Amino acid sequence: MYKEYFKEVISVLDNICTVQETEIKKASELIYECVKNDNIVHVFGTGHSHLVGVDMYARSGGLLNINAMLDGSIMPTAGAMRASAMEKVKGIAEIILSQYKISEGDIMIIVSNSGRNNVPIEMALLARKMNLKTIGITSLEHSKASPSNNKCGKNLYELVDIVLDNGTVSGDCALTVNGIKTGAISSISGMTLGNAIVVESIKLLSENKKRFNVYGNNNSVGGNSNEELCNMYKGRIKHI
């Protein structure tokens, strides 16, 4: 059965690459504009969606300007049921946002598979209020089938400037094994989209001869420790 799962993953990624070229390029151009002016790309998600931010942050070959917005209260590590309840609570996004330095010209990537829960929607509304450009990574199939948990009545894809569809089915389980739904793909496709827009933005920065910084691999022989680069962003990126 694992081979069927691999086939499903490859199919989803291939479809994203083919169908979403325009959206991927738009998101990459937004990151390019942000980084060329030495602004910060903030990445936020609750539950498993926060993994996209973790994967984009402090990553070998990744941009130094990326800030993962990490808060234990909305992660499964704080307790799966607790985190699931917390992402529906009013006012949590504003509390989390207050812990980060947000500047004019920064952008925000908000990740939510269902796109319906209160905290990511509130974060999108707060970003809009601050005049930040936003990118949403979500499942359009799931989101369009699910009513919003926020009083605004809208889901994430309706509140961001650019929508990247992670290509997963409603419920995120690509396979059925003896009547059991299994085989989540949203983390894989979400992280792939995150890395894709970073790679494309680096291409734009390089081609246009703009200054930017990329993490080296700390564990390669002769690799860069990144310490000097990281010191440049202390006070601007919370978890650095």
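Heads up: the structure comes first, above all this text.
Predicted model, so just to flag it, every value in this text is computed and none were measured. (Residues numbered from 1 in each chain as written. Predicted model: local features only at pLDDT ≥ 70, side-chain atom pairs only at ≥ 80, totals over all residues. Heavy atoms only, no water.)

### Considering the packing of helix H1 (residues 2-19) against helix H8 (residues 186-207)
Taken N-terminus to C-terminus, the directions of H1 and H8 make an angle of 35°; their axes are 10 Å apart at the nearest point. Here the hand of the crossing between H1 and H8 comes out right-handed. Here H1 contributes Tyr5, Val9, Val12, Leu13 and Ile16 to the contact with H8, which in turn contributes Ile188, Ser189, Thr192 and Leu193. Here the contact of H1 with H8 is built from residues that sort into seven nonpolar, two polar and no charged. (Axes fitted to C-alpha atoms, helices over the stretch in contact; angles between N-to-C directions. Helix = DSSP H or I, 4+ residues; strand = E, 2+ residues; numbered from the N terminus. Left-handed = near helix turned anticlockwise from the far one by under 90°. Contact = heavy atoms within 4.5 Å. Nonpolar A, V, L, I, M, F, W, Y, C, P; charged D, E, K, R; others polar.)

### Description of the pairing of strand S2 (residues 66-69)
Residues of S2 alternate between two faces, with Ile66 and Ala68 on one and Asn67 and Met69 on the opposite face, all of them buried. The pairing of strand S1 (residues 41-45) with S2 spans four bridges and is classified as parallel. Residue pairing for S2: His42 is matched across the bridge by Asn67. (Buried < 20%, exposed > 50% of the residue type's maximum accessible area, 1.4 Å probe, protein only. Pairing = 2+ DSSP bridges.)

### Re the pairing of strand S3 (residues 107-111)
For S3, the tally of buried residues reaches five of five residues, placing the bulk of the element in the interior. Of the two faces of S3, both are covered, the one formed by Ile107, Ile109 and Val111 as well as the one formed by Met108 and Ile110. The pairing of S1 with S3 spans five bridges and is parallel. Counterpart to Phe44 in the pairing with S3 is Ile110.

### Points about H8
Between its first and last C-alpha, H8 extends 31 Å over 22 residues, near the 32 Å set by a 1.5 Å rise per residue. Burial in H8 covers these residues: Ser186, Ser189, Gly190, Leu193, Gly194, Ile197, Val198, Ser201, Ile202, Leu204 and Leu205. Lys209 occupies a position one or two residues after H8 and carries a positive phi of about 55°. (Expected span 1.5 Å × (residues − 1).)

### Focus on unusual backbone geometry
For Asp172, which is not glycine, the phi torsion reads 70° and is therefore positive. Along the chain, the position of Asp172 falls in the loop between strand S5 (162-165) and strand S6 (173-177). The backbone phi angle of Asn178 is positive, close to 50°, even though this residue is not glycine. Summarising the element assignment, Asn178 is placed in the loop between S6 and strand S7 (180-184). Using a relative accessible area of 79% as the deciding quantity, one classes Asn178 as exposed.

So, to be careful, I would describe these as geometric facts and stop short of saying anything about function.
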